[in-house]
Amino acid sequence: ANMSPKLAQDPRVTHRRINAQSLSSAAEFDALLCDMNGPAENAAEILCKLIRSLSAGSLIIHTLKLKEITDAKEQIKNFRIKFENSGAKILFVKHLFHNRKEITFVMIKIERLSSAH
C-alpha cells in the first residue's frame, strides 16, 4: 500500500511496495507489517515463511482478515501455533474495534528454534 508521506520521509524507514509472494527471504528487514487481503490462511503461510528468515528481535505486525468471526478463538489459537512454530513470540492479539473480522497479531522474532525439539 501507499505510505504516509510524513513517514516516507523518515530516513530510518525503507518502504517497498511489493508482492510478498515474490520475497524469498525477509533477512534484510528489521520489521514486517502485513495487512494482506485475501484468505487468512494464505496470508499466514506467506508470513510464516518470512518470519523464519527474520533476524532475532525483528518486529512483526500482521492483521488477518477472517471470513467468519464465529470461531475466532479457535482461529486465533491455530494462527498463534503457526506463528510460534515459525519462530515468533506473540506479544499480544487484538480484535480491531472498527472491524471485528480483523485480528491483529503483534509479535517479535525470537532466536531460531533448536532442531533438538
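Residues numbered from 1 in each chain as written. Predicted model: local features only at pLDDT ≥ 70, side-chain atom pairs only at ≥ 80, totals over all residues. Heavy atoms only, no water.

Visitor: Which residues make up the overall build of the protein, and what values go with them?
Guide: Looking only at helices and strands, one finds three helices and four strands in the protein. Across the protein, helices and strands are ordered from the amino to the carboxyl terminus as α-β-α-β-α-β-β. By the compact-globule yardstick of 13 Å for 117 residues, the protein fits well, its C-alpha radius of gyration being 15 Å. For the protein, the proportion of its 117 residues judged to be buried stands at 35%. (Helix = DSSP H or I, 4+ residues; strand = E, 2+ residues; numbered from the N terminus. Rg over C-alpha atoms; globule rule 2.2 N^0.38 Å. Buried < 20%, exposed > 50% of the residue type's maximum accessible area, 1.4 Å probe, protein only.)

Visitor: Could you give an account of the state of the cysteines, with specific residues and numbers?
Guide: Note: disulfide means a covalent bond formed between the sulfur atoms of two cysteine side chains. Under the defined criterion, the tally for this structure stands at zero disulfides. With no disulfide partner, Cys48 has as its closest neighbouring cysteine sulfur the one in Cys34, 10 Å distant. For Cys48, a relative accessible area of 2% puts it in the buried group. (Disulfide = S-S within 2.5 Å.)

Visitor: Hey, could you go over the pattern of salt bridges for me, with residue numbers and the actual values?
Guide: Tallied over the entire structure, the rule returns three salt bridges. Where Lys65 meets Asp35, a salt bridge forms, and the shortest distance between an N and an O atom there is 2.1 Å. With Lys65 in strand E2 (residues 59-65) and Asp35 in the loop between strand E1 (31-34) and helix H2 (40-53), this pair connects stretches of sequence that are 30 residues apart. Classification of Asp35 as partly exposed rests on a relative accessible area of 48%. (Salt bridge = Lys/Arg side-chain N within 4 Å of Asp/Glu carboxyl O.)

Visitor: Can you lay out the side chain of His62 for me, pointing to particular residues and giving the numbers?
Guide: When you line up the elements, His62 lands in strand E2. Other than its neighbours up to four places away in sequence, His62 contacts Cys34, Ala43, Ala44, Leu47, Phe83, Ile103, Thr104, Phe105 and Met107. (Contact = heavy atoms within 4.5 Å.)

Visitor: Lay out H2 in plain terms, naming residues and giving numbers.
Guide: What sets the pattern is the α-helix's 3.6 residues per turn: residues three or four places apart point alike. With 14 residues, H2 should reach 20 Å at 1.5 Å per residue; the first-to-last C-alpha distance of 21 Å fits that figure. Turning to H2, its buried residues are Ala40, Ala43, Ala44, Ile46, Leu47, Cys48, Leu50, Ile51 and Ser53. (Expected span 1.5 Å × (residues − 1).)

Visitor: Lay out helix H3 (residues 72-85) in plain terms, naming residues and giving numbers.
Guide: Its 14 residues place the ends of H3 20 Å apart at the C-alpha level, agreeing with the 20 Å of an ideal helix rising 1.5 Å per residue. The complete set of buried residues in H3 reads Ala72, Gln75, Ile76, Phe79 and Phe83. One side of H3 holds all its buried residues, which, seen down the axis, span an arc of 100 degrees. With respect to the buried face of H3, the exposed residues turned more than 90 degrees away are Lys73 and Asn85. Buried positions along H3 lie against H2, E2, strand E3 (88-95) and strand E4 (102-109). (Arc of directions from axis to C-beta.)

Visitor: Could you give me a rundown of the packing of aromatic side chains, with the residues and numbers involved?
Guide: Under the counting rule described, the total for this entry stands at two aromatic pairs. Relative to Phe83, the ring of Phe79 has its centre 6.3 Å away and its plane inclined at 25 degrees; by these criteria the two rings are stacked. Of the two residues, Phe79 and Phe83 are both situated in helix H3; the distance of four residues between them amounts to about one turn of the helix. Overall, the relative accessible area of 0% leaves Phe83 in the buried class. Judged by centre distance (5.1 Å) and plane angle (80 degrees), the ring pair of Phe83 and Phe105 falls under edge-to-face. One end of the pair, Phe83, is in helix H3; the other, Phe105, is in strand E4, and 22 residues separate them in sequence. Ring pairing ties together the aromatic residues Phe79, Phe83 and Phe105, which thus form one cluster. (Phe/Tyr/Trp six-rings, centres within 6.5 Å; stacked < 30°, edge-to-face > 60°.)

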